[in-house]
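Fold and contact review
Below are the chains, spelled out letter by letter.
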Amino acid sequence: MPQVQANGITIEYESFGPANRETVLLIMGLGGQLTMWPTELCNELVQRGYRAIRFDNRDVGLSTKFDEAGMPDMAAIFGALMSGQKANAPYSLDDMAADAVGLLDALGIEKAHIAGASMGGMIAQLVAANHPERVLSLTSIMSTTGNPALPQAKPEAMEVLMSPAAPEGDWEAIIARGIKAWKTIGSPGFPTDEKILREWVMRDAKRSFYPVGVARQMAAIVANGDRREKLKNIAVPAVVLHGADDPLVPVEGGKDTAANIPGAELRIVPGMGHDFPVALVGTFADAITAATKRAAAARAAE
């Protein structure tokens, strides 16, 4: 896959569809490589007339790793937030939003439709808030606002998220932990076969196994805090998609996101958890293209 230099780092990306079409930029969540965006979804967006681009965020996959930053001090980050001070994370979600814009710059894309999932939804929100001139529409998927009053993840979901990484090279332990994680946070109404889960875990672990990068991304999430005031300034058409049965980011996070983005459309999917079942590819594509079509209608009305 190709790489570009953007925002001072190297970003690995993959493009689907003709370059002269409107672009949907797909931003993945915590620890997720570009491969976690289903190829079927990328191809579906191409079938609907768009160019789709997925990429590795910093500190994951084949993009730049911030080795020199070391393991973040999460206790200090939480302590700073509790005392009302600025948390000292290795980098911020705003930096990651600037990475996404830098990728657009490197590819010569003036404006794009931005879609993000989980942490990627938070980054997508910040792209729309911080760089409004670059955004045609926003789709925030299984994400939230940083509002501290919202319900937290279910204990079993938080436990699997925070459990220690398997030892590097111990493939059976890596696979077992990965399958357990997907089964814990996955969609009860659209379960993915364990054989496919095993293939997904092995694919990504063989491509890049880098747990410390996930920890630094987590630090960026925690340090970002409450985004609601920024969300209120988003002016592009927005769709918020969330699973009714999401154990990691409860559905209240999606409701709060939609409530704080002016004119946002909220779509809640029964049986959907915190994953990307192939059975829901059409649902993801429908949400994204609902936002893109609203953007096209708004431009036509100008």
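See the structure above.
As a starting point, this report considers the structure included with it.

Conventions we followed
Residues numbered from 1 in each chain as written. Predicted model: local features only at pLDDT ≥ 70, side-chain atom pairs only at ≥ 80, totals over all residues. Heavy atoms only, no water. Helix = DSSP H or I, 4+ residues; strand = E, 2+ residues; numbered from the N terminus. Rg over C-alpha atoms; globule rule 2.2 N^0.38 Å. Buried < 20%, exposed > 50% of the residue type's maximum accessible area, 1.4 Å probe, protein only. Contact = heavy atoms within 4.5 Å. Areas by Shrake-Rupley, 256 points an atom, 1.4 Å probe, with all protein chains shown as cover. Core = buried A, V, L, I, M, F, W, Y, C linked by side-chain atoms within 4.5 Å. Expected span 1.5 Å × (residues − 1). Pairing = 2+ DSSP bridges. Axes fitted to C-alpha atoms, helices over the stretch in contact; angles between N-to-C directions. Salt bridge = Lys/Arg side-chain N within 4 Å of Asp/Glu carboxyl O. Polar contact = N/O pair within 3.5 Å; in protein donor to acceptor, adjacent residues only side chain to side chain.

Across its full length, the protein carries eleven helices and eight strands. Taken over the C-alpha trace, the protein has a radius of gyration of 18 Å; the compact-globule value for 302 residues is 19 Å, and the two agree within 12%. Over its C-alpha atoms, taken along the principal directions, the protein stretches across nearly 55 × 45 × 40 Å. Considering the protein as a whole, with its 302 residues, one finds that 55% of them fall into the buried category. Intrachain contacts of the protein at a sequence separation of at least 6 include 78% that bridge at least 24 residues. Total accessible area on the protein is roughly 12600 Å²; 54% of this is exposed by carbon and sulfur atoms.

Moving on, we come to the nonpolar core. Among the nonpolar cores identified, the biggest contains 46 residues, and Leu 26, Trp 37, Leu 45, Ile 141, Phe 276 and Phe 284 are the most heavily contacted of them. Every element with two or more residues in this core is listed here: β3 (23–27), α1 (39–47), β5 (112–117), α5 (155–162), α6 (171–185), α7 (194–207), β7 (238–243) and α11 (281–301). No other element matches α11, which puts seven residues into this core. Membership of the second largest hydrophobic core comes to 37 residues, among which are Ile 9, Leu 126, Ala 128 and Ala 238.

Moving on to helix α8 (residues 211–224). Its 14 residues place the ends of α8 20 Å apart at the C-alpha level, agreeing with the 20 Å of an ideal helix rising 1.5 Å per residue. Counting buried positions over the 14 residues of α8 gives ten, a clear majority of the element. Where α8 is concerned, the buried positions are Gly 213, Ala 215, Arg 216, Gln 217, Met 218, Ala 219, Ala 220, Ile 221, Val 222 and Asn 224. At the exit of α8 stands Gly 225, carrying a positive phi of roughly 70°.

A few words on unusual backbone geometry. Phi at Asp 59 is positive, roughly 70°, even though this residue is not glycine. By the element assignment, Asp 59 lies in the loop between β4 (51–55) and α2 (74–82).

So, about the sheet that holds β5. One open sheet holds the eight strands; their spatial order is β1-β2-β4-β3-β5-β6-β7-β8, and the pairing between them is mixed. In this open sheet, the two strands that pair with only one neighbour each are β1 (3–6) and β8 (265–269). Ignoring which end each strand starts from, the neighbouring axes of this sheet average 25° apart. Of the strand pairs in this sheet, strand β2 (residues 9–16) and β4 are connected by four bridges, and their pairing is antiparallel. Among the inter-strand pairings, Glu 14 is bridged to a residue of β4, identified as Arg 54. Of the strands in this sheet, β3, β5 and β6 (135–141) touch helix α4 (residues 119–130), which is tilted by about 150° from β5. Each of β6, β7 and β8 is contacted by helix α10 (residues 251–260), which is oriented at about 170° to β7, the strand it contacts most.

Under the counting rule described, the total for this entry stands at 16 salt bridges. Across the pair Lys 183 and Glu 194 runs a salt bridge whose closest N-O atoms are separated by 2.5 Å. Of this pair, Lys 183 sits in helix α6 while Glu 194 sits in helix α7, placing them eleven residues apart in sequence. The class for Glu 194 is partly exposed, based on a relative accessible area of 39%.

This part takes up the side chain of Thr 289. Its location among the elements puts Thr 289 in helix α11. A residue is classified by how much of its surface remains accessible, and Thr 289, at 3% relative accessible area, is buried. Among the polar contacts made by the side chain of Thr 289, one reaches the main-chain carbonyl oxygen of Asp 286 at a distance of 3.4 Å. Apart from the residues within four sequence positions on either side, Thr 289 is in contact with Leu 45, Arg 48 and Tyr 50.

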